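Residue-level listing of the chains:
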Amino acid sequence: MQLPREVLLGENLKGEVVNVARRIGLSGKVLVLYGPRTKEIAGKDVETSLRKEFDVSSLTVRGATMEEVERTMARIGDEGIGWLVAVGGGSIIDVAKLASYRTGVPFVSFPTTASHDGIASANASIRDLEVKTSVKAVPPVAVIADVEVIKTAPYRYLAAGVGDIISNLTAVKDWQLAHRIKGEYYSEYAASLSLMSAKMVMRNADIIRLGNEEGVRKVVKGLISGGVAMSIAGSSRPASGAEHLFSHALDSIAPKPALHGEQVGVGTIIMAYLHGLKWERVRETLKRVGAPTNAYELGIDPELIVEALTIAHKIRPERYTILGRDGLTREAAEKAAEITGVI
């Protein structure tokens, strides 16, 4: 069971990376990863504060691709890097995560958005790997979430984070189904933690909608809890079910996919309907926080929504979900999407 050793959530934390590193015993040269925008938002400040105590190198990452992972790994090897700090959104953190996993060098997560649970999980989504889903990597040794920094990101990202958290409802239902039908391992503790996060954001939708410090804190806590639940389970089961397969299917066929959390939020509405859950509550929560609830708001052709529903079961055939082994027929997919108002 691999878990972050320290989680900091608060304000003005750009200078805290040094203290966290000292407390958990990180040593040697540090490589700071950031994107072109996150360099200006927080990366340069984190880098400057680290220079007081560490030999620091930096690298600008331009996407979650294997080329960037390999560039990072080359820098780790060439410069004798002892640890990493990833300052950015999902792409930057995913690159650090996989590079960390493959080189055995620990990394610290410093998220600049709260759009999905990758900020604390062991799974990485790299676009040009030979898989359509996330891959197993390693969780960060520490998560430092600066509310002031995250609050500056467009509100759309926070709403997407709610979509990723609320998907835990159907992910756990799929996990329970696989446990009963396929005898798959099931952790009640991990499932309970995951469900608690989803129910918390549903209760606090009106606060989150304000986009202030309190709302950001609630979303970040939910995302971190989801990451921890996955570490406890030893798989992504507590936070990834048929709604995630639907999102991955959309990624593979849509010319311009929406944000991950936006797509899984819409997927959760449909999967909740298929499970016989109160899908209207899911849709209402997403509406209240300003997240998409239909194809039009996702900016995706309704035809592609139906197609994604019919091929989603093929994305991870080994993962049993409400979609079953044969998936949905076109008629069943259209009916589910129409009844829930997704198309």
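To be clear, the structure that these remarks concern was listed above.
Residue numbering note: each chain is counted from 1, following its sequence as written. Reporting of local features is limited, given that this is a predicted model, to residues whose pLDDT is at least 70; pairs of side-chain atoms are given and counted only at 80 or more, and all residues count toward the totals for whole chains, interfaces and linings. To obtain the side-chain values, all non-hydrogen atoms of the structure were included, while hydrogens and water were left out.

1. Here's the deal with the packing of aromatic side chains
So, point 1. Two aromatic rings from Phe, Tyr or Trp, using only the six-membered ring of Trp, form a pair when their centres are within 6.5 Å; if the ring planes differ by under 30 degrees the pair is stacked, by over 60 it is edge-to-face, and anything between is tilted. What the rule picks out here adds up to 2 aromatic pairs.
So, point 2. Ring centres 4.8 Å apart and planes at 65° place the aromatic pair W175 and Y186 in the edge-to-face group. Placement of W175 in helix 7 (residues 168-182) and of Y186 in the loop between helix 7 and helix 8 (188-203) is noted, with a sequence separation of 11 residues between them.
So, point 3. Exposure categories follow from relative accessible area, calculated using a 1.4 Å probe and restricted to protein chains: below 20% of the type maximum is buried, above 50% is exposed, and the middle band is partly exposed. Judged by its relative accessible area of 21%, Y186 falls in the partly exposed class. Strands here mean DSSP runs of E at least two residues long; helices mean DSSP runs of H or I at least four residues long; both are numbered from the N terminus.

2. What to know about the side chain of R319
So, point 1. Positionally, R319 belongs in the loop between helix 15 (302-311) and helix 16 (330-339).
So, point 2. At 5.6 Å, E318 is the nearest oppositely charged side chain to R319, a buried residue that forms no salt bridge.
So, point 3. What qualifies as a polar contact is a pair of N or O atoms within 3.5 Å, subject to a donor-acceptor requirement within protein and to the restriction that residues adjacent in sequence count only when both atoms come from side chains. Polar side-chain contacts of R319 include one of 3.2 Å to the backbone oxygen of S240.
So, point 4. In contact with R319, not counting residues within four places along its chain, are S235, S236, R237, S240 and R325. The charge count includes Lys and Arg as positive and Asp and Glu as negative, but it does not include His or the ends of the chains. Between Lys or Arg on one side and Asp or Glu on the other, a salt bridge is scored when a side-chain nitrogen of the former is within 4 Å of a carboxyl oxygen of the latter. In what follows, residue pairs with any heavy atoms lying within 4.5 Å of each other are defined as contacts.

3. A word on the environment of A239
So, point 1. In this fold, A239 is placed in the loop between helix 10 (213-233) and helix 11 (242-253).
So, point 2. Along the chain, A239 and V266 lie 27 residues apart, while their C-alpha atoms are 15 Å from each other.
So, point 3. Not counting chain neighbours up to four residues away, the residues in contact with A239 comprise D117, S167, N168, A171, S194, M230 and H244.

4. A word on the packing of helix 8 against helix 10
So, point 1. For the pair helix 8 and helix 10, the least separation of the axes is 8 Å and the interaxial angle reads 165°. Accordingly, the angle class assigned to the pair helix 8 and helix 10 is roughly antiparallel. Two packed elements cross with a definite hand, and for helix 8 against helix 10 that hand is left-handed. Along the contact surface, helix 8 presents Y189, A190, L193, S194, S197 and M200, while helix 10 presents K218, K221, G222, S225, G226, V228, A229, I232 and A233.
So, point 2. Here the nonpolar group is Ala, Val, Leu, Ile, Met, Phe, Trp, Tyr, Cys and Pro; Asp, Glu, Lys and Arg are the charged ones; every other residue, Gly included, is treated as polar. Looking at the contact of helix 8 with helix 10, its residues break down into 8 nonpolar, 5 polar and 2 charged. Fitted lines through C-alpha atoms give the axes, limited to the stretch in contact for helices. The angle between two N-to-C directions lies from 0 to 180 degrees. Convention used here: angles under 35 degrees read as roughly parallel, angles over 145 as roughly antiparallel, angles from 65 to 115 as roughly perpendicular, and any remaining angle as oblique. We call a crossing left-handed when the near helix sits turned anticlockwise from the far one by less than a right angle, and right-handed when that turn is clockwise.

5. A closer look at the side chain of S167
So, point 1. Structurally, S167 can be placed in the loop between helix 6 (155-166) and helix 7.
So, point 2. Leaving out residues up to four positions away in the same chain, S167 has contacts with A239, E243, H244, V264 and T268.

6. Quick word on the pattern of salt bridges
So, point 1. Per the counting criterion, the structure on display carries 17 salt bridges.
So, point 2. Its salt-bridge partner being K14, residue D45 comes within 3.1 Å of it at the nearest N-O pair. Within this pair, whereas D45 is found in helix 2 (residues 36-50), its partner K14 is found in the loop between strand 1 (6-10) and helix 1 (17-24), the two being separated by 31 residues in sequence.
So, point 3. Residue K14 is classed as partly exposed on the basis of its relative accessible area of 23%.
So, point 4. Between R156 and E262 there is a salt bridge, with its nearest N and O atoms 2.7 Å apart. Here the residue R156 occupies a position in helix 6, and E262 occupies one in helix 12 (residues 260-275), the gap between them amounting to 106 residues.

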